[in-house]
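Tertiary structure, described
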Amino acid sequence: MTDDSRWNETLVEEKVPYHIEFDGRLFLIENVPARVNVETGEKHFSPETVERLQQVVWERCRPVRTIETLVYEFSALA
């Protein structure tokens with residue numbers, strides 16, 4: 001008997017944040033369309049969306065805003 005529960009996943013269309021580190025910089029793209037697995041939170045992006053995300057990062061498109069963020073080194077945490 002096989003476990004077919006992995007084939008019974010529920011995906012919903014949502015707008016999600018997407019972040020990527022590229023060339024030493026962190027990029028955050030908001031409101032990216034994705035199909036999200038309700039049970040696991042795993043995000044699935046269409047090939048067209050992935051291409052557009054890559055274009056934004058590679059071409060360093062002008063951001064709508066800039067944010068400051070804190071960075072921690074895990075091994076330095078007590």
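Every residue gets a number counted from 1 within its own chain, in the order that chain's sequence is written. Local features in a predicted model are, by the rule used here, given only for residues with pLDDT of at least 70; side-chain atom pairs are given and counted only at 80 or more, and totals for whole chains, interfaces and linings are based on all residues. Side-chain descriptors were evaluated using all non-hydrogen atoms of the structure, hydrogens and water having been removed beforehand.

**Points about helix H1 (residues 47-58)**
Because an α-helix packs 3.6 residues into every turn, residues spaced three or four apart end up facing the same way. Selection criterion: Think of it this way: any DSSP run of H or I at least four residues long counts as a helix, any run of E at least two long counts as a strand, and we number them from the N terminus. Expected span of a helix, by definition, is 1.5 Å for each gap between consecutive residues, and there is one gap fewer than residues. Relative accessibility under 20% of the residue-type maximum defines a buried residue, over 50% an exposed one, and the middle range a partly exposed one, all with a 1.4 Å probe and only protein chains included. Think of it as the arc spanned by the lines of direction from the helix axis to the C-beta atoms. We call two residues in contact when some of their heavy atoms are within 4.5 Å.
With 12 residues, H1 ought to run about 16 Å at 1.5 Å a step, and its terminal C-alpha atoms sit 16 Å apart, in line with that. Along H1, the residues classified as buried are Thr-49, Leu-53 and Val-57. Seen from one end, H1 has its buried residues packed into an arc of 70°, which puts them on one side. In H1, the exposed positions angled more than 90 degrees off the buried face are occupied by Pro-47, Glu-48, Glu-51 and Trp-58. Buried residues along H1 sit against strand E1 (11-22) and strand E2 (25-37).

**Focus on a nonpolar patch on the surface**
Condition: Excluding any residue in a salt bridge, patches collect residues exceeding 30% relative accessible area, merging like charges within 9 Å and nonpolar Val, Leu, Ile, Met, Phe, Trp and Tyr side chains within 5 Å. In these tables, accessible area is a Shrake-Rupley quantity obtained with a 1.4 Å probe, and a residue counts as shielded only by the protein chains included in the view. Counted as salt bridges are all cases of a side-chain nitrogen of Lys or Arg within 4 Å of a carboxyl oxygen of Asp or Glu.
The grouping of Leu-70, Tyr-72, Phe-74 and Leu-77 at the surface amounts to a nonpolar patch, some 560 Å² of accessible area in total. Residue placement: Phe-74 occurs in the segment after H1. Its relative accessible area of 71% is what places Phe-74 among the exposed residues.

**Focus on the pattern of salt bridges**
A pair can form between side chains of opposite charge whenever their charged atoms are brought close. Under the definition given, this model contains three salt bridges. In this structure, Glu-13 and Arg-35 form a salt bridge, with 3.6 Å as the shortest nitrogen-oxygen distance. In this pair, Glu-13 sits in strand E1 while Arg-35 sits in strand E2, placing the two residues 22 residues apart along the sequence. Relative accessible area serves as the criterion here: at 61%, Glu-13 is assigned to the exposed category. Judged by its relative accessible area of 43%, Arg-35 is partly exposed.

**As for the packing of aromatic side chains**
Put simply, the rule is: Pairing of aromatic rings covers Phe, Tyr and Trp, the last counted by its six-membered ring, and requires centre-to-centre distances within 6.5 Å; plane angles under 30 degrees mean stacked, over 60 mean edge-to-face, and any other angle means tilted.
Applying the stated criterion to the full structure yields one aromatic pair. Seen in terms of ring centroids, Tyr-18 and Phe-45 are 5.4 Å apart; in terms of plane orientation they differ by 85°. Their pairing is edge-to-face. With a gap of 27 residues between them, Tyr-18 in strand E1 and Phe-45 in the loop between strand E3 (43-44) and H1 connect regions that are remote in the sequence.

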